[in-house]
Amino acid sequence: MKWVTRKNANVDRVACPWLVKRFVDAEAEFLYVAADEVMRVAAEQDAIPYDVKDVELGHVDGRCSFESIMLKYGLDDPGLERLAKIVHGADVTADRQIVPEAAGLYAIANGFALVHGEDDQAKIRLETPMYDALYEWCRRQAAGG
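Below you will find a few notes about this structure. (Residues numbered from 1 in each chain as written. Predicted model: local features only at pLDDT ≥ 70, side-chain atom pairs only at ≥ 80, totals over all residues. Heavy atoms only, no water.)

## What about helix H4 (residues 78-91)?
Just so we agree on the cut-off: Secondary structure counts use DSSP, requiring at least four H or I residues in a row for a helix and at least two E residues in a row for a strand, with both numbered from the N terminus. Expected span, for any helix, means 1.5 Å times one less than how many residues it has. Exposure categories follow from relative accessible area, calculated using a 1.4 Å probe and restricted to protein chains: below 20% of the type maximum is buried, above 50% is exposed, and the middle band is partly exposed. Any two residues having at least one pair of non-hydrogen atoms within 4.5 Å are treated as being in contact.
In this model, H4 (14 residues) spans 20 Å end to end at C-alpha, consistent with the 20 Å of a helix rising 1.5 Å per residue. Taken as a whole, H4 has its buried residues at Gly 79, Leu 80, Leu 83, Ala 84, Ile 86, Val 87, His 88, Gly 89 and Ala 90. Residues of H4 that are buried make contact with helix H1 (11-23), helix H3 (65-72), helix H5 (100-116) and helix H6 (120-142).

And the structure:
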């Protein structure tokens, strides 16, 4: 699978590749392009657009893109559901207080964005272990531990 979104990724546009690679397609490739190029590149590259306006895997019906991907691919793991709330709160300013961990993820993700600028592939590579750790914490919390 090939996926495409807007460059200069932050919370949702980095969390989604983690989600896809861990639970949908381990070999997925992610392209980051100018916002006005996403749909053209999606058509040319046969890529799935995400986290852009008016697409299925974007902000739809109050969901962030991470949650839309979970819905589309039937990912109903309790740990992922807890993680999705954290990602949602970190990504959607109006919902930042949805869970306490959202503010922390917002700060960390924005720190990565400040340090790495438009190097979106570096952000995915460097933030993946953080999402692995956060998912494990969420998984154990959801299991009562």
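## A word on the pairing of strand E2 (residues 29-33)
So the rule is basically this: Should DSSP find at least two bridges between two strands, the strands are taken to pair. When the strands point away from the viewer, a crossover counts as right-handed if the route from the first strand across the helix to the second turns clockwise.
In terms of burial, E2 is largely enclosed, as four of its five residues are buried. Relative to E2, strand E1 (residues 2-6) runs parallel, the two being bridged by five bridges. Residue Trp 3 lies in a different strand from E2, and its bridge partner there is Phe 30. A crossover connection joins E1 to the parallel E2 through H1; in handedness this β-α-β unit is right-handed.

## Brief notes about the sheet that holds strand E3 (residues 48-49)
Stated precisely, the cut-off is as follows: Note on geometry: axes are lines fitted to C-alpha atoms, helical ones only across the stretch in contact, with angles between N-to-C directions running from 0 to 180 degrees.
The strand order across the open sheet built from three strands is E2-E1-E3, with neighbouring strands paired in parallel fashion. With one partner strand each, in any of the chains shown, E2 and E3 form the two edges of the open sheet. Bridge count for E1 against E3 is two bridges, and the pairing is parallel. By the bridge assignment, Trp 3 is partnered in E3 with Ile 48. Along the sheet, helix H2 (residues 38-45) makes contact with E1, E2 and E3, crossing E1 at roughly 170°.

## Overview of the packing of H3 against H4
Basically, it comes down to this: For this classification, under 35 degrees means roughly parallel, over 145 means roughly antiparallel, 65 to 115 means roughly perpendicular, and everything else is oblique. Polarity classes work like this: nonpolar for Ala, Val, Leu, Ile, Met, Phe, Trp, Tyr, Cys and Pro, charged for Asp, Glu, Lys and Arg, and polar for all others, with Gly in that last group.
Orientation of H3 relative to H4, taken along the N-to-C sense of each, is 150°, at an axis distance of 8 Å. As judged from the angle between their axes, H3 and H4 are roughly antiparallel. Only Leu 80, Glu 81, Leu 83, Ala 84, Val 87 and His 88 of H4 make contact with H3, whose side of the interface consists of Phe 66, Glu 67 and Met 70. Tallied by class, residues from the contact of H3 with H4 come to six nonpolar, one polar and two charged.

## What to know about the pattern of salt bridges
Stated formally: A carboxyl oxygen of Asp or Glu within 4 Å of a side-chain nitrogen of Lys or Arg is what we treat as a salt bridge.
Under the criterion given, the structure shown has ten salt bridges. Across the salt bridge formed by Lys 7 and Glu 118, the nearest N and O atoms sit 3.6 Å from each other. Taken together, the positions of Lys 7 in the loop between E1 and H1 and Glu 118 in the loop between H5 and H6 put the pair 111 residues apart, joining distant regions of the chain. Classification of Lys 7 by relative accessible area gives partly exposed; the value is 37%. Between Arg 22 and Asp 132 there is a salt bridge, and its shortest N-O distance comes to 2.7 Å. With Arg 22 in helix H1 and Asp 132 in helix H6, this residue pair connects regions lying 110 residues apart in the sequence.

## Considerations on the side chain of Ser 68
Stated precisely, the cut-off is as follows: Think of a polar contact as two N or O atoms within 3.5 Å of one another; within protein, one of them needs to be a possible hydrogen donor and the other a possible acceptor, and neighboring residues in sequence only count if both atoms come from side chains.
Its location among the elements puts Ser 68 in helix H3. Since its relative accessible area comes to 2%, Ser 68 is described here as buried. A polar atom in the side chain of Ser 68 sits 3.2 Å from the side chain of Arg 63. Once residues lying within four places of it in the same chain are set aside, the contact partners of Ser 68 are Glu 56, Leu 57, Gly 58, Val 60 and Arg 63.

## Some thoughts on unusual backbone geometry
A positive phi angle, near 65°, is found at Asn 8, a position not held by glycine. Position of Asn 8 relative to the elements: it lies in the loop between E1 and H1. Taking relative accessible area as the criterion, Asn 8 reaches 38% and is therefore assigned partly exposed. With a phi close to 50°, Asp 61 is a non-glycine residue in the positive phi region. With respect to the secondary-structure elements, Asp 61 resides in the loop between E3 and H3.

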